[in-house]
Amino acid sequence: MNDLYQRYIDTYRKLNLFPLLKSEDIERFRITHSPETLARLRSAIVASEANGKLIFTGHRGCGKTTLLNELALEVRKRGLFVEFFSIANMVEMSDVNHINILYAIALRLLERAIKNDAPISPSLQEELKSWFTRTKTSVYTEQLKQEMGAGGNFFEVFTAKLQKEDSFREEIRETYERRVSDLTDRIDQIAAAIQNATGKEVLVIIDDLDKLDLGVVEPIFRDNINALFSPQIRILFTIPIAVVREPELVEILETQSSILLLSVTKFFTREASHQPDAQPIEANVARLQSILERRIDADLIEPDVLRQMVLLSGGVLRELVRLGQECCRECMLRFELEPEVRDVKIDGEILTAAVRELRKQYARPLGNNLYELLRQTYESFTPPDTSDPKFLELLHGLYVLEYENDDLWYDLHPLVTDLLKRKDLI
């Protein structure tokens, strides 16, 4: 394979650096695509009480993780002790509940305090580690003590158990479901030790809760909100956008927290969005295009194709990245199937092939009964019922995108619009 083939592999990998988490990647690739939302988050945290709770929502893949990482860097500079972690790295995603979220907070705060930023006393460290090994079942407690006595890394062992062992998560649930206050008290004890050692108030940011299935996340925030919000520290939770479209859940959340939204980047006004000759909002197109330009070398892609990719993303960063990766994959495939080829560029033909593959991914899960709901949403910019579970699943799955003017309105993902056009439904 020639050097050009390797460049497409490298470009694919650069596109895979999303969200941005490492400082060197942030420095190289960062484009703050929503400075207003970042400012709102920062202000909400600074203005909140020391035990304030915030909810951050938006479509999956719209850039929340990258934005939250920027937020964490900024508020650390403003004097907060910040622990930012993904629930996906702590708990099996199908088994997340309010108990293991709180347990993960306690574990991560103690790890951060010991390893990095807060020189809490050795005696308190040992007391807290001992507490983690105590569970409802004495046999299980003894087993944990033996594992620790064998020299295992405390945090690696407990994190691995929480993430991979069903039996451990069940043991934790049974231990604390009737005495959540014990778990909360330990979080507060760790936070107090951190504040005493550093003089900094604590903020915990929990990412990727928005990637949970709706059937998993709704009971957490509907049935166990008091327990989840009970630690006396600032906590920012991410949740799926579909959750804040259910009136019952919104009412619960608004009484105990502040809700902030990361909107999808809008390329068209509602009035112009379905017009064939509509002109996009150039500043928004340019901002997302710059994200691709930092990752795809100019000689690998035709300029008009770069712009088309941005518009086909619907304003969702995840979809922009997927389109870029699929184009790279199509270029690599061309080299594999036609070894004699020496010059391949991301052009209209490559983009068409990439769109075809991604469109199939949207088409496969769709039942016939959902096409009518999609058609109605497209034609009226809103579904018949925004709290309809079928609509919420479409919103959660990025089939439908939510936009903002003075009012909320909805449109279909461009690839989903294409699906309906191909079926002569619109």
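Everything discussed here concerns the structure shown above.
Here we summarise the structure given alongside this text. Worth saying up front: this structure is predicted, and the values here are computed from it rather than measured.

**What to know about the side chain of Arg 234**
Within the secondary structure, Arg 234 is located in strand β4 (residues 234-240). Judged by relative accessible area, Arg 234 falls into the buried class, the value being 5%.

**Observations regarding the packing of helix α1 (residues 3-16) against helix α16 (residues 317-337)**
Running from N to C, α1 and α16 cross one another at 160 degrees; their axes reach a closest spacing of 9 Å. The orientation of α1 relative to α16 falls into the category roughly antiparallel. Every pair of crossing elements has a handedness; the one defined by α1 and α16 is left-handed. Here Leu 4, Tyr 5, Tyr 8, Ile 9, Thr 11, Tyr 12, Leu 15 and Asn 16 of α1 come into contact with α16, specifically with Val 321, Gly 324, Gln 325, Cys 328, Arg 329, Cys 331, Met 332, Phe 335 and Glu 336. When its residues are assigned to classes, the contact of α1 with α16 shows 11 nonpolar, 4 polar and 2 charged.

**Some remarks on the nonpolar core**
In this structure, Ile 105, Leu 109, Phe 158, Ile 206 and Phe 221 are the most contacted members of the largest nonpolar core, which totals 127 residues. For this core, the element with the most residues is helix α5 (residues 98-117), which contributes 11 residues. Residues within four places of Phe 221 in sequence aside, it is in contact with Ile 55, Leu 209, Leu 228, Phe 237, Ile 239, Leu 249, Ile 252 and Leu 253. Core analysis: the second largest hydrophobic core is formed by 19 residues, Leu 54, Leu 67, Leu 80 and Leu 262 among them.

**Considerations on the sheet that holds strand β5 (residues 258-261)**
Across the sheet, 5 strands lie side by side as β2-β3-β4-β1-β5; this open sheet has parallel pairing. Each of the sheet's edge strands pairs with one partner strand only, and the pair in question is β2 (81-86) and β5. Sheet twist, expressed as the average angle between the axes of neighbouring strands with direction ignored, equals 20 degrees. Direction of pairing for strand β1 (residues 53-58) relative to β5: parallel, over a ladder of 4 bridges. The partner of Thr 57 across the bridge, within β5, is Leu 261.

Analysis parameters
- Residues numbered from 1 in each chain as written.
- Predicted model: local features only at pLDDT ≥ 70, side-chain atom pairs only at ≥ 80, totals over all residues.
- Heavy atoms only, no water.
- Helix = DSSP H or I, 4+ residues; strand = E, 2+ residues; numbered from the N terminus.
- Buried < 20%, exposed > 50% of the residue type's maximum accessible area, 1.4 Å probe, protein only.
- Axes fitted to C-alpha atoms, helices over the stretch in contact; angles between N-to-C directions.
- Parallel < 35°, antiparallel > 145°, perpendicular 65-115°, else oblique.
- Left-handed = near helix turned anticlockwise from the far one by under 90°.
- Contact = heavy atoms within 4.5 Å.
- Nonpolar A, V, L, I, M, F, W, Y, C, P; charged D, E, K, R; others polar.
- Core = buried A, V, L, I, M, F, W, Y, C linked by side-chain atoms within 4.5 Å.
- Pairing = 2+ DSSP bridges.

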